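Fold and contact review
If you want the building blocks of each chain, they are given just below.
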Amino acid sequence: MFAKVSSLGLFGMNAFHVDVEIDISRGNPQFDIVGLPDTVVRESRERIRAALRSCSINFPVASVMVNLAPADTKKSGSVHDMAIFMAVIRAMRMIDSPLDGCSFIGEISLNGDIRRINGVLPMVMLAREKGIKSVFVPAENASEASVIDGIDIYAVNNAEELIRHFRNEELLEPVEHYIPPETAYDEILDFADVRGQQSAKKALEIAAAGGHNALLIGSPGSGKSMLSKRMSSILPPLTFEEALETTKIHSVSGLLTPEMPIITKRPFRSPHHTISSAGLAGGGTIPHPGEVSLAHNGLLFLDELAEFDRRTLEILRQPLEDRRVTIARSSGTVTYPCTIMLIGAMNPCPCGYFGHPKRKCTCSGKKVSAYLSKISGPLLDRFDLHIEVAPVEFEDLSSKAKEESSAEIRKRVVAARKLQNERFSGTPITCNALITPDRLQELCPMDEAAEALMKNVFDRLGLSARAYDRILKVARTIADLDSSEVIRKQHVAAAAQYRSLDRKYWSGNE
Ligand SMILES: Nc1ncnc2c1ncn2[C@@H]1O[C@H](COP(=O)(O)OP(=O)(O)OP(=O)(O)O)[C@@H](O)[C@H]1O
Ligand SMILES: [Mg+2]
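Residues numbered from 1 in each chain as written. Chains lettered and ligands numbered in written order. Predicted model: local features only at pLDDT ≥ 70, side-chain atom pairs only at ≥ 80, totals over all residues.

**What to know about the sheet that holds strand 2 (residues 14-25)**
For the record, the criterion: At least two DSSP bridges between two strands are required for those strands to pair. Per the convention used, a helix needs a DSSP run of H or I reaching at least four residues, while a strand needs a run of E reaching at least two, with both numbered from the N terminus. Every angle, taken between N-to-C directions, lies between 0 and 180 degrees, and every axis is a line fitted to C-alpha atoms, over only the stretch in contact when it is a helix.
Taking strand neighbours across the sheet as the criterion, the seven strands line up as 3-4-2-1-5-8-9 in an open arrangement whose pairing is mixed. Both edges of this open sheet fall to strand 3 (30-34) and strand 9 (152-156), since each of them pairs with a single strand only. Pairs of neighbouring strands in the sheet enclose a mean axial angle of 30°, with direction left out of account. With five bridges connecting them, strand 3 and strand 4 (residues 63-69) associate as parallel partners. Paired with Q30 across the two strands is S63, which belongs to strand 4.

**Some words on helix 5 (residues 159-166)**
To be explicit about the condition: Three exposure classes are used, based on other C-beta atoms lying within 10 Å of a residue's own C-beta, which is placed from the backbone: buried for 20 or more, exposed for 12 or fewer, and partly exposed in between. The arc refers to the directions leading from the helix axis to the C-beta atoms. Once C-beta atoms are placed from the backbone, any two residues with those atoms within 7 Å are in contact.
Within the sequence span of helix 5, burial applies to A159, L162, I163 and F166. On an axial view of helix 5, the arc spanned by its buried residues comes to 95°, and they lie on one face. Structurally, helix 5 contributes buried residues whose contacts are with helix 1 (39-54), helix 2 (81-91), strand 6 (107-108), strand 8 (134-138) and strand 9. Phi turns positive, to about 60°, at N168, one or two residues after helix 5.

**Let's talk about the nonpolar core**
Here is the rule: To form a nonpolar core, buried Ala, Val, Leu, Ile, Met, Phe, Trp, Tyr and Cys residues must be joined through C-beta atoms within 7 Å. Throughout, the edges of the domains are those of an automatic or database domain assignment.
Of all hydrophobic cores here, the largest spans 136 residues; its most connected members are F85, A87, I105, V124, V137, A214 and L299. Among the elements that make up this core, the one with the highest residue count is helix 2 (nine residues). Counting contributing residues, this core receives three or more from each of domain 1 (2-166) and domain 2 (191-506). Every residue in contact with L299, bar those within four places of it in the chain, is listed here: M231, S232, L235, R266, P267, F268, I340, M341 and I343.

**So, the domain arrangement of the chain**
What counts is decided by this rule: Residue polarity follows a fixed list, in which Ala, Val, Leu, Ile, Met, Phe, Trp, Tyr, Cys and Pro are nonpolar, Asp, Glu, Lys and Arg are charged, and the others, Gly among them, are polar.
For the chain, the domain assignment lists domain 1 (2-166) and domain 2 (191-506). Look at where the C-alpha atoms of domain 1 and domain 2 centre, and you get two points 44 Å apart. Between domain 1 and domain 2, the contact holds 15 residues from the first and 18 residues from the second. Going through the elements one at a time, strand 1 (2-11), helix 3 (120-129) and helix 4 (142-145) are the ones with two or more residues in the side of domain 1 that touches domain 2. Sort the elements by how many residues they give to the side of domain 1 that touches domain 2 and helix 3 lands first, with three residues. A breakdown of the residues in the side of domain 1 that touches domain 2 according to their chemical character gives seven nonpolar, five polar and three charged.

**With respect to the site of ligand 1**
Test applied: In this entry, near means the residue's backbone-placed C-beta atom lies within 6 Å of the molecule or strand.
Looking at ligand 1, there are 15 residues lining it, with P220, G223, K224, S225 and M226 nearest. When residues in the shell around ligand 1 are grouped by element, the largest group, three residues, is from helix 7 (residues 224-229). Looking at side-chain class alone, the shell around ligand 1 contains four nonpolar, nine polar and two charged residues.

Okay, structure coming up:
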């Protein structure tokens, strides 16, 4: 007796189709699974035997052979349990209805309950692409799957429900398509709470408008963490495509809940400085995404940047340029996207007061350089905006004046992004920070005075080619905030000024 049932598998973020083929024939009673299964897949034999018992079905006393095709792709995890279960009962003729056009994903527990799995979203997206009509998923994953339109999703709680459905005894209804709400902004963390700090706020507005990386440096209590934590409130809303991309990564990591089946807000990830390299960039035997990928299309905030392990930080260098992380393992190579804005915050020295206008720094020159050298030149080069956060003035703190709210700043950010969307329409570029070197001259036209200033800055500051590119892109964003298609002298001047901190703190310290 032969049966074939469709299932879906996952490696990294890439879903693939799996045919579960089963042959039940006379012979020595045995139950074998072939087709490169890992230990967890092989153990599904025991789960399925028990689940059948829970449905009062005796496992056939026969030779049962399951093949997971294609045989040369590694299968891992418990995702195929439900499909193998269906294949067994179909081959035993416990159900008559054909299973064409249906795919099954989910783990079965010993009592027949269907358990949630990770990565349902990319798998359902592939199912739709392959023309599969219905996917049966664990009830807990149903809302996540129902984000995808044009395919029927069935939520399954236990094996009994599946049997009754396919025996036409009690039909399951497809779940309703989930329409994600628009980006909702947190009203608790608002820029209006930050008194004064106009120049830091302006710099962060530029960062948000162009998707630029920014480094905040300043003494303890100057408000670096406070400012950074409010960045989410001024970022532009996610587009649906961006939301799906980001949600796929969160789906693979098992971070979605039935209440939040799709990420509708740009992620804000702020890992602690004790994080490992694998935690930050991704890793593990079956490579999982790291914080840098979980922040995809959003923001990665590294507070107390100098406290991170230097080697861990250096790992970020390549992903920040390539906008993706590739992890190679014996089990295969996985690539996760990581288009992020990186915001770093740090003190300038161990005591925190180096360069403070009023307080004296108690650190020796050597200590200051050792502290700053934790941030290497190449990493520093990747921060487009260096923001010096000065101590708050008493007048600002005690002032009764109303500060500008995040919603007002966001309006300008969104308007600047709109100009960028028009400029980049039809290209994969989504914001100024992502302009590729080959398009730089064309997309960042400067007038004569701006060009002359740029040359002067380049020679005087001894800029790297990367720093030149980045200054030009920041100038592009400043011009966009100014609704100017051409980059003018004042835009270049403002952009160059944000690269001055490395000379104040790092010159001679590297
Ligand atoms: N501009 C400001 N307006 C209002 N409150 C502020 C401002 N700056 C700082 N504060 C207050 O000071 C507290 C400390 O600020 P914050 O934690 O952001 O400092 P920090 O620069 O990150 O310091 P550290 O270097 O020690 O991490 C804030 O929680 C807030 O209450
Ligand atoms: Mg802080």
